[in-house]
Every structure is written in structure tokens, then in C-alpha cells.
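Below are the chains, spelled out letter by letter.
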Amino acid sequence: MRKHIVAGNWKMNNTFEEADELISNIVDALEEKELDRNTQVIICPPFPYLEMATDYSKDSYFLVGAQDVSTEDKGAYTGEVSAAMLKSIELEYCIVGHSERRQYHNESNAMVAKKVDQLLKNEIRPIVCCGERLEEREADKQFEVVKQQIEEGLFHLTAEQFKELVIAYEPVWAIGTGKTATPEQAQEIHAFIRNLIAEKYGKEVAEEISILYGGSCKPSNAKEIFSKTDVDGGLIGGACLKAEDFIAIAFSF
Ligand code: PEP
């Protein structure tokens, strides 16, 4: 059975104190009710809070990820954070290619490929985002766009490397907008992605990869979206900033 994953992308939110409170509320909520062993909760706070989060995670049932990583090993790259640094504080996951990075920082598929390589070299599992913008969906280009993102960003990997990935399909028009893809729209693209992987790496690899949905996922719609065959969980933005909502989503399988 494929791993169910609910990952929270905090983005640029919360002060240190607020972060501390949110994580400790997540710890409490996970203590209250036992989560299915096949469900993995991951939190991705901003860089300054990662170490605090990994400390908390040692006594709880969640793992920690970063929101981005440098394409480079080390050196004169002011403001950047390397995969080796993330590994040195024991991070297990890192988001790559989020649409906000693609939009505001011109992150290309080639950069996504380099970031994925850096992470895998340091034994950190990439959560790779893909998804079309509104104008691309309106022009019925969603399949073409997602195919190109996956081929250019990921298809240089070996099958063994590919198995380490988590993929997040996030239609950009649904992120932070309150608009959610219908469960059928999500399923259609998730199945398309799994099929692409099967064509390149074989069915066995494709069946192992968790593909998450992202875009205004909340406690009220998670169950229906997660009920679809090829949807293995969610990458959660806004709703992960309230422990109660985030954990309710983790219990939606
Ligand atoms: C995201 O940005 O990854 C996301 C899914 O955001 P939201 O849940 O707020 O739409």
C-alpha cells in the first residue's frame, strides 16, 4: 500500500513563539488520537524554525521538511541554504519547485532538476511540485504543462532515485484561492502523472510513488479528494497553520 502523506507548507508565516505554539499543538493533537501507521505527517516551517521542529519531532509522530534548497553545494551564494546543511539538522524532506518559487524566483524545470539532485545526494526526500496556471487550464494545456515539468525536472533520475520522490500536483489556480480542483479533476491528473512514471520507469515504480494534491485542501474537502485512487494525500498551505485543521486533514483517509 502506498504511503499516505499530509505535508504542511507553512510558507513565510509565524514568529518563533507562534511557531513553537503551533508545533506543540500538533504534538498534542497527535498524542490525543493515534494516527494510522500508513499515514505520514510532515511539517515544513521556515528555515529559522527547522531545528526546533526536528527537536519536537523526536518525541512525536511527524517528520520535518524544508521549503526550498540551493542548487549549489556550498560557497558564495548569499542567502542560500544547502542540502548538506539541511541534512546536518536531520531533515527528511524538502519541497522543490513550488509554484510560488517558480513565479517569484523564476525557478525553472532545470533548476528543479538540480535541486532534486542536491537533495538525493544528501539523502533528503524531495517533495516535487508541479501544476498548471489558470490560463493553461483554460487553454486545456494542463497535461502538456505537467508532463513537461515532470520530464524536464525528474526524468534524468534512475528508477532507484525516482522511488525516493514524493510528487505534489498543485494547480496554481487553486493555491490560496479557496478554489479547489474537483476530486475528479485531481484524480484525472494524478492518474496521468502515474501513467507517465509507469511509461518511463515501469509500473512497479509508478505504483510506489505517493502523489499528493495541493490547492485549498481543508478538513471539509480532504476526505473526498483523498478518496480518489491516485490521490495519496495532500500538500497543505493555509489550513496547516491551525493545528486542529491540519491534523483533521491527516485523519481524512
Ligand atoms: C500550497 O501552497 O502548497 C498550498 C496548497 O496552499 P493552499 O492550501 O493555501 O492552497
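On a predicted model such as this, the values are computed, not experimentally measured, just so you know.

Here we take up the site of the ligand. In the neighbourhood of the ligand, 15 residues make up the surrounding shell, with K11, H98, E170, G176 and S216 lying closest. A distance of 2.8 Å is found between an oxygen atom of the ligand and a backbone nitrogen or oxygen belonging to G238. Surface burial for the ligand is 96%, taken as the share of its 290 Å² of free accessible area covered by protein chains. Residues that form the shell around the ligand fall into these classes: four nonpolar, eight polar and three charged.

Let us look at the side chain of H4. Locating H4 in the fold gives a position in strand β1 (residues 4–9). Overall, H4 belongs to the buried group, its relative accessible area being 16%. With sequence-adjacent residues up to four places away left out, H4 is seen in contact with N38, T39, Q40, D232 and F253.

We now examine the layout of surface pockets. Roughly 470 Å³ of volume is contained in the largest pocket. Contributing to the lining of the largest pocket are 18 residues, with M12, Q67, D68, R101 and H105 lying nearest its centre. Of the residues in the lining of the largest pocket, the class split is seven nonpolar, six polar and five charged.

With that settled, the discussion passes to the state of the cysteines. Applying the stated criterion across every chain yields a total of zero disulfides. You can see C44 has no disulfide; the closest cysteine sulfur is in C94, sitting 7.6 Å from it. Between C240, a cysteine without a disulfide, and C44, which holds the nearest cysteine sulfur, the sulfur-to-sulfur distance is 8.2 Å.

Turning our attention to the pairing of β1. Among the six residues that make up β1, six are buried, leaving the element largely enclosed by the rest of the structure. Burial of the side chains of β1 extends over both faces: H4, V6 and G8 are buried on one face and I5, A7 and N9 on the other. With six bridges connecting them, β1 and strand β2 (residues 39–44) associate as parallel partners. From the neighbouring strand, N9 faces β2, where its bridge partner is C44. Handedness of the crossover joining β1 and β2 through helix α1 (residues 16–32): right-handed. Pairing between β1 and strand β8 (residues 233–236): four bridges, direction parallel. From the neighbouring strand, I5 faces β8, where its bridge partner is G233.

Before going further, it helps to spend a moment on the packing of helix α5 (residues 109–121) against helix α7 (residues 142–154). Between α5 and α7, the least distance of the axes is 7 Å, while the angle of their chain directions is 45 degrees. The orientation of α5 relative to α7 falls into the category oblique. Every pair of crossing elements has a handedness; the one defined by α5 and α7 is right-handed. Taken together, the residues of α7 that come into contact with α5 (itself represented by N109, V112, A113 and V116) are Q148, Q149, E152, G153 and L154. When its residues are assigned to classes, the contact of α5 with α7 shows four nonpolar, four polar and one charged.

Turning our eyes to something else, we now look at the nonpolar core. The nonpolar side chains of soluble globular proteins are, as a tendency, buried together. Membership of the largest hydrophobic core comes to 69 residues, with the highest contact counts inside it found for L86, L154, F162 and I193. A per-element tally of this core places α1 first, with seven residues. Sequence-distant contacts of F162, that is, excluding residues within four places in its chain, are made with L154, F155, L157, I167, I197, Y201, V205 and I209. Membership of the second largest hydrophobic core comes to twelve residues, among which are A7, C44, C129 and V166.

Criteria and thresholds
Residues numbered from 1 in each chain as written. Predicted model: local features only at pLDDT ≥ 70, side-chain atom pairs only at ≥ 80, totals over all residues. Heavy atoms only, no water. Near = heavy atom within 4 Å. Polar contact = N/O pair within 3.5 Å; in protein donor to acceptor, adjacent residues only side chain to side chain. Areas by Shrake-Rupley, 256 points an atom, 1.4 Å probe, with all protein chains shown as cover. Nonpolar A, V, L, I, M, F, W, Y, C, P; charged D, E, K, R; others polar. Helix = DSSP H or I, 4+ residues; strand = E, 2+ residues; numbered from the N terminus. Buried < 20%, exposed > 50% of the residue type's maximum accessible area, 1.4 Å probe, protein only. Contact = heavy atoms within 4.5 Å. 1 Å grid on protein atoms, 1.4 Å probe; cavity = no way out; pocket = protein on both sides within 12 Å on 5 of 7 lines; lining within 4 Å. Points joined across faces, edges and corners; volume = space filled by probe spheres on them. Disulfide = S-S within 2.5 Å. Pairing = 2+ DSSP bridges. Right-handed = clockwise from strand over helix to strand, strands pointing away. Axes fitted to C-alpha atoms, helices over the stretch in contact; angles between N-to-C directions. Parallel < 35°, antiparallel > 145°, perpendicular 65-115°, else oblique. Left-handed = near helix turned anticlockwise from the far one by under 90°. Core = buried A, V, L, I, M, F, W, Y, C linked by side-chain atoms within 4.5 Å.

Functional significance is not addressed by these values, which are geometric in nature.
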